[in-house]
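Notes for the structure review
Chain residues, written in single-letter form:
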Amino acid sequence: MRTFFTIVLSTITTISFAQEVKFGKLSKQDFNKTESTIQKDAPAEVLYADGNYKISFSATGVEQTKKVFYRYIVFDKDRTPDDVLTISIPIYKSSGSDQDKVLTLKAVTYNLENGKIVEQKVERKDIFLEKAHRFLDKQTFTFPNVKNGSILEYTYEISSPFINQTDTWYFQQSIPVIKSNLTFESQEFFNYQQDLRGGFAPKMKKDLKSENITYISGSSRGVSSFGGAAYGSSINNDKLNINSLSYSLENLTSLSREAYVLNHRNMLASVQFELASYHSPGQPINNYSTTWDKIGKDLMEHSDFGKQLNGNAFLDETVKGITANKTTNLDKAQAIFDYVKTNITWNDYSGEYTDKGIRKAFNEKSGNVADINLMLISMLRKVGIETNPIILSTVSNGLINYAFPSRTKINYVIAGATIDGNFYLIDATDKNAQLNLLPIRDINDRGFMISEKGIKEVLLRNSVMTSDKKSITADLKADGSLTGVYSSIRDNYFYMSDKSEIANDPKAFEKEYIEDYNFEIADFKTQDNSKDLIRHQFKFSDVKVDVAGNKIIFSPFLFIANTKHSLNLDQRNYNIEFGAPITNTNTIKIKIPEGYKVESMPKEKNFTMPDQAAGYAYNVIERDGFIIAQAQKVTPYSVLPANYYKPLKEFLENIISTEGQQVVLVKQ
């Protein structure tokens, strides 16, 4: 048993929640600002953000205190991002009784009306608790009465029993930030590892303070991620050192919505802290930092992970039945994969450990990701296919810090199978997934495959080619008006993605699909042939092209021509993520108006990126009274390294230039 310290009374040297700006302290001059001083077209701006995370002893063990304060100003309400107007505060909980406790929460909208500052508070009745999943709730509220010129503030304090890691503090936001500060404090017994990310280096300051404490020493279960209880017999007085780290960044631009980034938060300037060790006086150091090999070994010895793969005779009859007529290993693997993803429903819970255990998940036909994919692994092994678990962090969970091995960032497991010498990544949680075609949530750089030989890194990449075939058939009139039909046939990765979005909210999918077009759309419909092909189609009747005297001038690719790209940086240090190898094919057929002939046509173009990392072909012809245009872009990799960023920008700019070429028709 180890000595543990529990506070029963403390006289503390005040550690202030440093704020250069204080909640509720505003003047009329604060409303003078009418546009961002960082980005003139920004719809809003963070005037000030301040966070304080502190790890300390409490009467019940060890706790983390989180204090957060934000102040915004709104310039254009209609363009202000939802994450500014509606705030969600994460409330973590364990499978037992431990959970975060909100100590204070205040939020106010301020408006300057007739020379007076008028405030409208967020009332308690307008704060809602949403259950995200079993281990996370969210307290959510929306600022009331927001107008152009409003100033918004909120602050909260949370007491948390979870000390293994802090929340990630994001210095950058979806809008510009004038100033963002974070202070992290921990008592001397605790050693935390810093994980600093992003393209900005914050100003850092280290400080050492002291804290007088009265504690009981005795024996207990020790420090865990949930704190601990004390059992002791002697009262001691002591002074503890407080390690304080302060970070500050100023005048940060908003992160532009870069293309080919699956989780934009991965690119934001941020910092997080994770417990590396704990040293109680007179006791050995408890090291929480580890190696990936040890993580793999520990997982394989865990009853809710590796031990789940042992035995499982209850699966034998099912495996025998579904593979009875299959002669090749690939056919057997496909049959088992189809069975699991069709018959066992994912309950939307992530995690590297099973929830129910694979026997119960098999009987109840549902489970979390570990229940399902460890079941898949066990079944594949039963037909002699070498299959091992691959642990990873999902896209929404952020990138793993590979240099600092830690199990806390792992939240998902898939299967890695070697079939006749070929390696396959498999995830049976999505009913539309395929062998080597993972859901987008899995494509997060690298994972770790655990086998009897140890643990090794595995690139998380889709390798199944995916296509999107767009076509337009249109009649062109002499007045420049066009009527016609648009359709898009998508397969594989796009099919899986579209099916998931439609299942979640079909109306929202339709709205998002058509909102990019600035003309009237009729008869939008989606057809699914249930064979990994999905068609989206609509009619249009009010599209216009230019008429100049006796000439009609237009881009043959009409409203699907590439006119811009969203690669806005000079360079970036983050991978280029396509999601899958993709072939985009656009085919246009436009009927030439009666009495018109072709005066000039675009030139044929073909070009590639260095190392054949992407290719493009473009051609426009006249045939039988029609303008027929076709373009094809191929990106044969699901991910490209960051050093291809500039070549990709040049490649896309060449496409824009090419598709900007005009057809000129002249009246005969």
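See above for the structure.
What comes next is a walk through the structure. (Residues numbered from 1 in each chain as written. Predicted model: local features only at pLDDT ≥ 70, side-chain atom pairs only at ≥ 80, totals over all residues. Heavy atoms only, no water.)

**Digging into the pairing of strand E27 (residues 533-544)**
Examined bridge by bridge, strand E25 (residues 481-491) and E27 share ten bridges and lie antiparallel to one another. Residue pairing across strands places Ser481 opposite Lys544, the latter belonging to E27. Inspection of the sheet shows strand E26 (residues 521-528) paired to E27 by six bridges, in the antiparallel sense. Looking at the pairing, Asp528 lines up with Ile534 of E27. Counted between consecutive antiparallel strands, the loop separating E26 from E27 contains four residues, among which Ser530 sits at a positive phi close to 60 degrees. (Pairing = 2+ DSSP bridges. Helix = DSSP H or I, 4+ residues; strand = E, 2+ residues; numbered from the N terminus.)

**Focus: the packing of helix H4 (residues 329-343) against helix H6 (residues 369-382)**
Running from amino to carboxyl end, H4 crosses H6 at an angle of 150 degrees, the nearest separation of the two axes being 10 Å. Considering the angle they form, H4 stands roughly antiparallel to H6. By crossing handedness, the relation of H4 to H6 is classed as right-handed. Contact residues: H4 offers Ala333, Ile336, Phe337, Tyr339 and Val340, while H6 offers Ile372, Leu376, Met379 and Leu380. Considered class by class, the residues forming the contact of H4 with H6 number nine nonpolar, no polar and no charged. (Axes fitted to C-alpha atoms, helices over the stretch in contact; angles between N-to-C directions. Parallel < 35°, antiparallel > 145°, perpendicular 65-115°, else oblique. Left-handed = near helix turned anticlockwise from the far one by under 90°. Contact = heavy atoms within 4.5 Å. Nonpolar A, V, L, I, M, F, W, Y, C, P; charged D, E, K, R; others polar.)

**Considering the sheet that holds strand E24 (residues 466-476)**
In space, the eight strands of this open sheet follow the order E26-E27-E25-E24-E31-E35-E34-E33, with mixed pairing throughout. With one partner strand each, in any of the chains shown, E26 and strand E33 (605-608) form the two edges of the open sheet. Strand-to-strand twist in this sheet, taken as the mean axis angle between neighbours without regard to direction, amounts to 10 degrees. Here E33 pairs with strand E34 (residues 615-623) via four bridges, running antiparallel. If you follow Asn606 over to E34, its bridge partner there is Ala617. Running at roughly 5 degrees to E34, helix H9 (residues 645-659) makes contact with E33, E34 and strand E35 (626-635) of the sheet.

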